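# Architecture at a glance
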Amino acid sequence: MRPHWLLALLVLASPLAAQGTLSTQGFGYHPGQISSRARATGGALGEFDPTSALNPAALAWWERSGVMLEYAPEFRRVTTEGSRESATIARFPLAGAAIAFGGRTIVGVTLSTFLDRTWETAQRGTHQFADDLIPYQVEFRSAGAINDIRLAGAWTASTALRVGLGAHVFAGSNRLDVVTFFSDTLGRVADFGQRSRISYSGAAASAGIDWRPIRSIGVAVSGRLGGTLRAVRNDTTLSTADIPMRLGAAIAYTGLRGAVIAASGEWQDWSKLDGLGSAQLSTFDGWDYGLGAELRGPRWFGGGVPLGIGGRRRTLPFGAAGAEVEETSISGGWGFTIAGGRAVADFGLARASRTAEGGASERATTLSIGLIVRP
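Presented here is an overview of the structure given in this document. (Residues numbered from 1 in each chain as written. Predicted model: local features only at pLDDT ≥ 70, side-chain atom pairs only at ≥ 80, totals over all residues. Heavy atoms only, no water.)

## Describing the overall build of the protein chain
Broken down by element type, the protein chain carries two helices and 19 strands. By residue count, 49% of the 375 residues in the protein chain fall in the buried class. Within the protein chain, counting contacts between residues at least 6 apart in sequence, those at least 24 apart form 62% of the total. Only carbon and sulfur atoms are counted for the fraction: they give 60% of the accessible area of the protein chain, which is about 17400 Å². (Helix = DSSP H or I, 4+ residues; strand = E, 2+ residues; numbered from the N terminus. Buried < 20%, exposed > 50% of the residue type's maximum accessible area, 1.4 Å probe, protein only. Contact = heavy atoms within 4.5 Å. Areas by Shrake-Rupley, 256 points an atom, 1.4 Å probe, with all protein chains shown as cover.)

Below, the structure written as structure tokens:
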């Protein structure tokens, strides 16, 4: 076997911890499937928010037909063993549309990022060739995501109760490129690369309610039950697992004039994905807690400007070197109406800290911009 092919096998066999990130281990980072408005409140309003992809009953708050799109780039820095790596990840984690039928029924389609696996990193070293040491660089590039496409309907049973049902299709792919470059001016060792692409498909169902037991209290509960998720390469099924089950609940208080105070909790059994990966994949069932408020701010463009603030703490689905990765974030944002009330622009900013045992840490700033248009 030629030396550079032996090196290729060694590099390709190295663990994915080489990607130099905490948040995108395993099958990727879970953005949360919430809108810019909900993100600004630490996710606390996610169960009540019609443009988030959590509670199908919240679709009822669309009230009339419309479309929405969110852009949320992340600026990330990873520190481990004295070294630092920075990256910018461009994401469009949420898009959707809703159609009103009469005054009590809303049907909507939402496309949200379930797990995002976009990262890039490099390793450097030297390769012995005859009597010379030839420097090389191995670049790892991953791109892709597993997306959640939800068709849902919500019905307003009364002024106090809204119910919803949803059907989900999970689809997407991950592409991993590994390219090795040699600094050999004599041309004795050639650069080479390898590409792997895996596709995913599955289905799930969800249900939820939005209940107002009294005028100043709102309670929202939702859940998702997953079916089988398949990993496929070249029309061959590599492995199967269950889509994680999700349970979420939130409570909101509106008794203060011009303010909404909310708290939320969510649980997902990510360990159901164990069968989809290798034995080295470490998954952790995770809780996600949010606490936040939305306050009525100054008037702009002829309408009020809501101001959001919140905090969030959660366990990420996949561990780093077998250890849990915890994420704590603080966030804020604002929104305003434009085009004579036919459109809403939301802006959010979240600062997250992610840590794991072993001294590795990750800091990330996410800027989220959401646009809702109701013709």
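Here the narrative resumes.
## Notes on the environment of L316
Among the structural elements, L316 can be located in the loop between β16 (303–315) and β17 (326–338). With relative accessibility at 1%, the residue L316 sits in the buried group. Along the chain, L316 and T24 lie 292 residues apart, while their C-alpha atoms are 9.2 Å from each other. With near-sequence residues (within four places) excluded, L316 lies in contact with S23, Y29, F284, V325, E327 and R354.

## A look at the pattern of salt bridges
Pairing between side chains of opposite charge can happen when their charged atoms approach one another. Applying the stated criterion across every chain yields a total of 16 salt bridges. Taking the shortest distance from any N to any O, the salt bridge between R39 and E70 comes out at 3.2 Å. One end of the pair, R39, is in helix α2 (residues 36–40); the other, E70, is in strand β1 (residues 66–71), with 31 residues separating them in the sequence. Between R314 and E327 there is a salt bridge, with the nearest N and O atoms lying 2.7 Å from each other. Here R314 is found in strand β16, whereas its partner E327 is found in strand β17, with 13 residues between them in sequence. Each of E74, R76, R91, D116, R314, E327, R354 and E362 takes part in a single network of salt bridges with overlapping partners. (Salt bridge = Lys/Arg side-chain N within 4 Å of Asp/Glu carboxyl O.)

## Things to note about the nonpolar core
Counting residues in each nonpolar core, the largest one holds 17 residues, and the members touching the most others are L115, Y200, L229 and L276. Elements represented by at least two residues in this core include exactly β5 (105–116), β9 (192–214) and β11 (228–233). Counting residues per element, this core draws most heavily on β9, at three residues. Excluding anything up to four places from it in sequence, Y200 contacts F27, I146, F170, A171, G172, S173, N174, L229, R230, A231 and L276. In this structure, A53, L59, A60 and A152 belong to the second largest nonpolar core, which totals twelve residues. (Core = buried A, V, L, I, M, F, W, Y, C linked by side-chain atoms within 4.5 Å.)

## Some words on a nonpolar patch on the surface
A surface patch of nonpolar side chains, about 670 Å² in accessible area, is lined by I99, F101, V107, V109, L111, I149, L151 and V169. Looking at the nonpolar patch element by element, the count peaks at three residues for β5. Within the element layout of this structure, V169 appears in strand β8 (residues 161–182). On the accessibility criterion, V169 (44% relative accessible area) is partly exposed. (Patch = residues over 30% accessible without salt bridge, like charges linked within 9 Å, V, L, I, M, F, W, Y side chains within 5 Å.)

## Some words on the packing of aromatic side chains
For the coordinates displayed, the defined rule picks out eight aromatic pairs. Taken together, a centroid distance of 5.8 Å and an interplanar angle of 65° make the contact between F27 and F318 edge-to-face. Here F318 lies in the loop between β16 and β17 and F27 lies in the loop between α1 (3–12) and α2, a separation of 291 residues in the sequence. Relative accessible area serves as the criterion here: at 8%, F27 is assigned to the buried category. Take F318: its relative accessible area is 2%, and that puts it in the buried class. (Phe/Tyr/Trp six-rings, centres within 6.5 Å; stacked < 30°, edge-to-face > 60°.)

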